[in-house]
Amino acid sequence: MGIALSGLFNPVEINIESLSGRKIAIDGNNALYQFASTIRQYDGSFLMDSKGRVTSHLSGLFYRTMSLLKHGVKPCFVFDGKPPSFKNATIGERVNAREKAREEYKLALEEEDFERAKSKAQQSTRITPEMFDESRALLDYMGVPVINAPSEGEAQASHMCFKGDVFACVSQDYDSLLFNSPILIRNLNITGKRKLPQKNIYVNITPEKIVLQDELNRLGLFHDQLIMMGILVGTDFNPKGIFGIGPKKAYDLVKQYPNFDTLFNNVKWTFDISPKEIFDFFKNPPVTNDYNLHWKQPNPDKIFELLCDEHNFSKDRVENTLGKLSQLRKKEGQTGLDKFF
DNA sequence: GGCATAGTCTCCTA
DNA sequence: GAGACTATGCC
């Protein structure tokens, strides 16, 4: 998933408070995948309702989104539409990798190796259409805009950020920088502490911001060269990239051959799709201007219905979370400045 | 005691 | 992943 350019950028640490009042576009597929793979029990099994339906993603989505709202952040969620046909190979590979992980998960469970079981279960995570639908519904009940992208969600979010309709794109992947998003925010979590697997070490994960133009200036690159680098190291459309080329070699190559044709005449291209086709997709992906960024008050009745009645969430906990937000908004309303809406 | 912070447990089922 | 909860340390 995504583009292996992690070492290339110099992220700037930020805190949630600095995002207060800002509109941000969250990569919905990325967020749901994170929640569904992370929120598990000790042996790797999901949280589930009385009918055995997965609820992990709803828990993560509800509590994090509510927390963002409490911090005055205005999130919208962008979901993937129909992937381009040339992504099929990648999608097929992912299906296979998940299947393999699922078999290894079962085996680890039989051997009662719960640590391994959990890790394999997380690798086998799949988001079903029902999980997507319920997530969209929950967001709608929370008064948060949902945007369904015509194609790649990151392309749509980047388009919205480029237009200035949102302050930043939020994702763990770097794709939006190739789609020309001016700002990418990673690690947008609320609680910082994270336990490293297998070890008794806690690390502090803080949100970070990558400003595209600052990075291009620092690296002395044009945006086209960044896309070329991405294609060299591998994108969702040519997974794993060219053998033997990582970020370092890719950087040297685009510096040596800033011209697209010259560059790709000098590397060993083994994919069915041409590099130009990938390049053109990042430059000009299908996006839409048909979206509404309008935030509403949460609808507690619908939220209780979905989370508590339908999926057995604790009513006390959900009520408490909703109550804290409405108290906060009441207080802000009393100051005479209702800046949220 | 009160308060803050660090680390642990639970969330989700009949 | 997030919030509730418990343990610990400091005044």
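What you see is a predicted model; the values in this text were computed from it and never measured. (Residues numbered from 1 in each chain as written. Chains lettered and ligands numbered in written order. Predicted model: local features only at pLDDT ≥ 70, side-chain atom pairs only at ≥ 80, totals over all residues. Heavy atoms only, no water.)

**A closer look at the protein's contact with DNA strand C**
Surveying the vicinity of DNA strand C reveals 15 residues, the closest of which are Arg 64, Asn 189, Ile 190, Arg 194 and Asn 320. What you see for DNA strand C is that sugar and phosphate hold 67% of its atoms within 4 Å of the protein. A distance of 2.7 Å separates a phosphate oxygen of DNA strand C from a polar side-chain atom of Arg 64. Mapped by element, the contributors of at least two residues to the surface near DNA strand C are helix 1 (28-38), helix 2 (56-70) and helix 14 (315-334). Of all the elements, helix 2 adds the most residues to the surface near DNA strand C, at 4 residues. Class assignment of the residues belonging to the surface near DNA strand C gives a composition of 4 nonpolar, 7 polar and 4 charged. (Near = heavy atom within 4 Å. Polar contact = N/O pair within 3.5 Å; in protein donor to acceptor, adjacent residues only side chain to side chain. Helix = DSSP H or I, 4+ residues; strand = E, 2+ residues; numbered from the N terminus. Nonpolar A, V, L, I, M, F, W, Y, C, P; charged D, E, K, R; others polar.)

**Describing the packing of helix 1 against helix 5 (residues 129-141)**
When two helices pack together, you describe them by how their axes are tilted relative to each other and by the distance separating the axes. With their axes 12 Å apart at the nearest point, helix 1 and helix 5 run at an angle of 110° to one another. It follows that helix 1 is roughly perpendicular to helix 5 by the angle criterion. Relative to helix 5, helix 1 is oriented so that their crossing is right-handed. Facing helix 1, whose interface residues are Asn 29, Leu 32 and Ala 36, helix 5 presents Met 131, Phe 132 and Ser 135. Residue classes in the contact of helix 1 with helix 5 are distributed as 4 nonpolar, 2 polar and no charged. (Axes fitted to C-alpha atoms, helices over the stretch in contact; angles between N-to-C directions. Parallel < 35°, antiparallel > 145°, perpendicular 65-115°, else oblique. Left-handed = near helix turned anticlockwise from the far one by under 90°. Contact = heavy atoms within 4.5 Å.)

**Quick notes on the side chain of Ser 124**
Position of Ser 124 among the secondary structure elements: in the loop between helix 4 (114-123) and helix 5. Apart from residues lying up to four places away in sequence, Ser 124 is in contact with Arg 98, Ala 101 and Arg 102.

**Points about unusual backbone geometry**
Although it is not a glycine, Asn 180 adopts a positive phi angle of roughly 75°. Mapped onto the fold, Asn 180 is located in the loop between helix 7 (175-178) and strand 6 (183-186). According to the relative accessible area criterion, Asn 180 is partly exposed, its value standing at 28%. Positive phi values are uncommon outside glycine, yet Asn 187 reaches one of about 55°. (Buried < 20%, exposed > 50% of the residue type's maximum accessible area, 1.4 Å probe, protein only.)

**Let's talk about the domain arrangement of chain A**
Segmentation of chain A into domains returns domain 1 (1-219) and domain 2 (220-285). The centre of domain 1, based on its C-alpha atoms, is set 25 Å off from the matching centre of domain 2. Contacts between the two partners involve 26 residues from domain 1 and, on the opposite side, 23 residues from domain 2. Of the roughly 2100 Å² buried between domain 1 and domain 2 on both sides combined, carbon and sulfur atoms contribute 68%. For the interface between domain 1 and domain 2, the tally reads 2 salt bridges. (Domains from an automatic or database assignment. Buried area = accessible area lost by both parts, 1.4 Å probe. Salt bridge = Lys/Arg side-chain N within 4 Å of Asp/Glu carboxyl O.)

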